[in-house]
Amino acid sequence: ADPLLPRGENGVDGRAVRVGTRRSQLARIQTDSVVMMLRELYPDLRFEIAVAMSTTGDKILDTALSKIGEKSLFTKELENALERNEVDLVVHSLKDLPTSLPPGFTIGAVCKRENPLDAVVFHPKNCGKTLSLLPEKSVIGTSSLRRAAQLKKKFPHLEFRDIRGNLNTRLKKLDEKEDFSAIVLAAAGLKRMGWENRIGQLLGPEDCLYAVGQGALAVEVRAKDQEILNMVSALHDADTVLCCIAERAFMKRLEGGCSVPVAVDTLLKDGQLYLTGAVYSLDGSDSLKETMQTSVTYPHQNEDGPNDDVQHVGITAKNVPGQAQEAAENLGVELASLLLSKGAKHILSVARQLNDAR
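- The name given to the chain in an unreviewed UniProt entry is Porphobilinogen deaminase, with Ptilorrhoa leucosticta as the source organism.
- Checking UniProt for the chain, the heading Catalytic activity (unreviewed entry) contains the comment "4 porphobilinogen + H2O = hydroxymethylbilane + 4 NH4(+)".
- Recorded under Subunit (unreviewed entry), the UniProt text for the chain is reproduced unchanged: "Monomer."

1. Re the nonpolar core
Reasoning step 1: Counting residues in each nonpolar core, the largest one holds 45 residues, and the members touching the most others are L94, I107, F250, L254, V262 and V279.
Reasoning step 2: At the level of elements, β4 (105–110), α9 (238–254), β11 (262–269), β12 (272–280), α10 (322–341) and α11 (344–357) are the ones that each hand at least two residues to this core.
Reasoning step 3: By residue number, the principal contributor to this core is α9, which donates 10 residues.
Reasoning step 4: If we ignore the near neighbours within four places in the chain, the residues touching V279 are L254, P261, V262, D286, S287, L288, L339, A344, I347 and L348.
Reasoning step 5: By size, the runner-up hydrophobic cluster in this structure holds 20 residues, among which are V17, V35, A109 and M231.

2. Comments concerning the sheet that holds β11
In a beta sheet, neighbouring strands are held together by backbone hydrogen bonds and run either parallel or antiparallel to one another.
Reasoning step 1: Reading across the sheet, the three strands line up as β11-β12-β13 and stay open at both edges, with antiparallel pairing between neighbours. Unpaired on one side and paired on the other, β11 and β13 (287–295) mark the two borders of the sheet. Each strand of the sheet is rotated relative to its neighbour by a mean of 15°, with strand direction disregarded.
Reasoning step 2: Both β12 and β13 contribute to a ladder of nine bridges, which runs antiparallel. If you follow A278 over to β13, its bridge partner there is K289.
Reasoning step 3: Seen against the sheet, α10 touches β12 and β13 and runs at an angle of roughly 150° to β13.
Reasoning step 4: Running at roughly 50° to β12, α11 makes contact with β11, β12 and β13 of the sheet.

3. Notes on α9
Reasoning step 1: Under the 1.5 Å per step criterion, the end-to-end length of α9 is 25 Å for 17 residues, consistent within 8% with the ideal 24 Å.
Reasoning step 2: For α9, the buried fraction is high: 13 of the 17 residues fall into the buried class.
Reasoning step 3: Positioned one or two residues after α9, E255 has a phi angle of 55°, which is positive.

4. Here we look at the pairing of β11
Reasoning step 1: Pairing geometry for β11 and β12, over eight bridges, is antiparallel. Within β12, the position partnered with K269 by the bridge is Q272.
Reasoning step 2: Taking the residues that link successive antiparallel strands as the turn, the β11-β12 hairpin has two residues, and the phi of D270 there is positive, at about 50°.

5. Remarks on α11
Reasoning step 1: For α11, which comprises 14 residues, the first-to-last C-alpha distance of 20 Å matches the rise-based estimate of 20 Å (1.5 Å per residue) to within 8%.
Reasoning step 2: Among all positions in α11, only A344, I347, L348, A351 and N355 are buried. Buried residues of α11 fall within an arc of 90° about the axis and therefore sit on the same side. For α11, exposure combined with an orientation more than 90 degrees from the buried face picks out K345, H346, Q353, D356 and A357.

6. Looking at the sheet that holds strand β8 (residues 182–186)
Reasoning step 1: The strand order across the open sheet built from five strands is β7-β6-β8-β5-β9, with neighbouring strands paired in mixed fashion. In this open sheet, the two edge strands, each paired with only one partner strand, are β7 (159–161) and β9 (199–203). On average, adjacent strands in this sheet sit at an angle of 30° to one another, irrespective of strand direction.
Reasoning step 2: In this structure, strand β5 (residues 118–122) lies alongside β9, joined through four bridges in antiparallel fashion.

7. Comments concerning the environment of N166
Reasoning step 1: One can find N166 in the loop between β7 and α6 (167–176).
Reasoning step 2: With relative accessibility at 33%, the residue N166 sits in the partly exposed group.
Reasoning step 3: Separated by 142 residues in sequence, N166 and S24 have C-alpha atoms that sit 7.0 Å apart.
Reasoning step 4: A polar contact is formed between the side chain of N166 and the backbone nitrogen of N168, at a distance of 3.1 Å.
Reasoning step 5: At a separation of 2.7 Å, a polar atom in the side chain of N166 contacts the side chain of T169.

8. Comments concerning the packing of α9 against α10
Reasoning step 1: Running from N to C, α9 and α10 point in directions that differ by 35°, and their axes come no closer than 7 Å. In this structure, α9 meets α10 at a crossing whose hand is right-handed. Residues L242, I245, A246, A249, F250, R253 and L254 of α9 pack against A324, Q325, A328, E329, L331, G332, V333, L335, A336, S337, L339 and L340 of α10.
Reasoning step 2: The class makeup of the residues in the contact of α9 with α10 is 14 nonpolar, three polar and two charged.

9. Observations regarding the pattern of salt bridges
Reasoning step 1: Under the counting rule described, the total for this entry stands at 15 salt bridges.
Reasoning step 2: Measuring nitrogen to oxygen at the nearest pair gives 2.6 Å for the salt bridge that ties E86 to R84.
Reasoning step 3: The class for E86 is partly exposed, based on a relative accessible area of 41%.
Reasoning step 4: A salt bridge links K125 to E178; the shortest N-O distance between them is 2.9 Å. A residue pair is termed long-range when its members are at least 10 positions apart, and K125 in the loop between β5 and β6 (139–141) and E178 in the loop between α6 and β8 qualify at 53 residues. Taken individually, K125 and E178 each receive the classification exposed, so the pair is uniform in this respect.
Reasoning step 5: When salt bridges with common partners are traced through the structure, they connect R18, D88, R222 and D225 into a single cluster.

Rules of the game
- Residues numbered from 1 in each chain as written.
- Predicted model: local features only at pLDDT ≥ 70, side-chain atom pairs only at ≥ 80, totals over all residues.
- Heavy atoms only, no water.
- UniProt positions renumbered as here; feature names shortened; annotations may be inferred.
- Core = buried A, V, L, I, M, F, W, Y, C linked by side-chain atoms within 4.5 Å.
- Buried < 20%, exposed > 50% of the residue type's maximum accessible area, 1.4 Å probe, protein only.
- Helix = DSSP H or I, 4+ residues; strand = E, 2+ residues; numbered from the N terminus.
- Contact = heavy atoms within 4.5 Å.
- Pairing = 2+ DSSP bridges.
- Axes fitted to C-alpha atoms, helices over the stretch in contact; angles between N-to-C directions.
- Expected span 1.5 Å × (residues − 1).
- Arc of directions from axis to C-beta.
- Polar contact = N/O pair within 3.5 Å; in protein donor to acceptor, adjacent residues only side chain to side chain.
- Left-handed = near helix turned anticlockwise from the far one by under 90°.
- Nonpolar A, V, L, I, M, F, W, Y, C, P; charged D, E, K, R; others polar.
- Salt bridge = Lys/Arg side-chain N within 4 Å of Asp/Glu carboxyl O.

Right, dumping it as structure tokens:
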């Protein structure tokens, strides 16, 4: 193992390890949970949380996410702080991180994934219902093209409308107004906020495939900062890493982002990684979906030398066998290529144009 940090008394070179986070309550909770794990692993180190920033994504609330068109919507300001050495690591929801990170950055840890499924939260007056039981023309709030496309197709009697804001804001909009019968959110966020009791319905893969990386937390660091990289790499959850590498490689090959409906479902079982991926038109009428699998059972080799810092779709995971990571990445690329050969490019470019025109 690499020699671990403390060269100084209470931190790297005697200083504290500074952790950057966004202002939102969920971002704080997610950051605190990662810092707690780090404090347990490294009781001698000092960790300081720097609440930096409201990001562009937090500030522009009157525009649909898919319209702002900036991939690194919630991450840019944090990366600037990393670049200026103001913080040493930043905690994100992995699904907010683009599949190509700016040069000089890497995802140094992907923590064990929380439930990746989407969840429906109902207006108090619809308590106990499910989507299929809601009356005709009920309005469902979601800012995700992916969710809307799949659910429109599955529940044609419902209407879907954009809802923005952080989790607190969205729940408030749901509860205090009569505009929405229900909203769809990631189960992971609700769970982390302690609002699991609000989940009225969990949407399984048969209803709604989830977003790439959904439910997993990522720790972004400077790629050249070996000490911090070694430190956070202890947080990697190998299964989550492999699933998320496959999902991110799938998305990257499709050149998908917030502005097109791309969805996945992964399963790692008995050394086999199964990836289901799909693309949708905006109204869900047109879609392509396929599943592929690969073996990810490889021994861990000590790969000394220049291979140490091989990134797979932005992730550096030294403690996960390199061949397994490669297999996962190839799986994602091959599945995307299969969908592209069946016409995915057309579906996605039409979706992109329609979304731009909205």
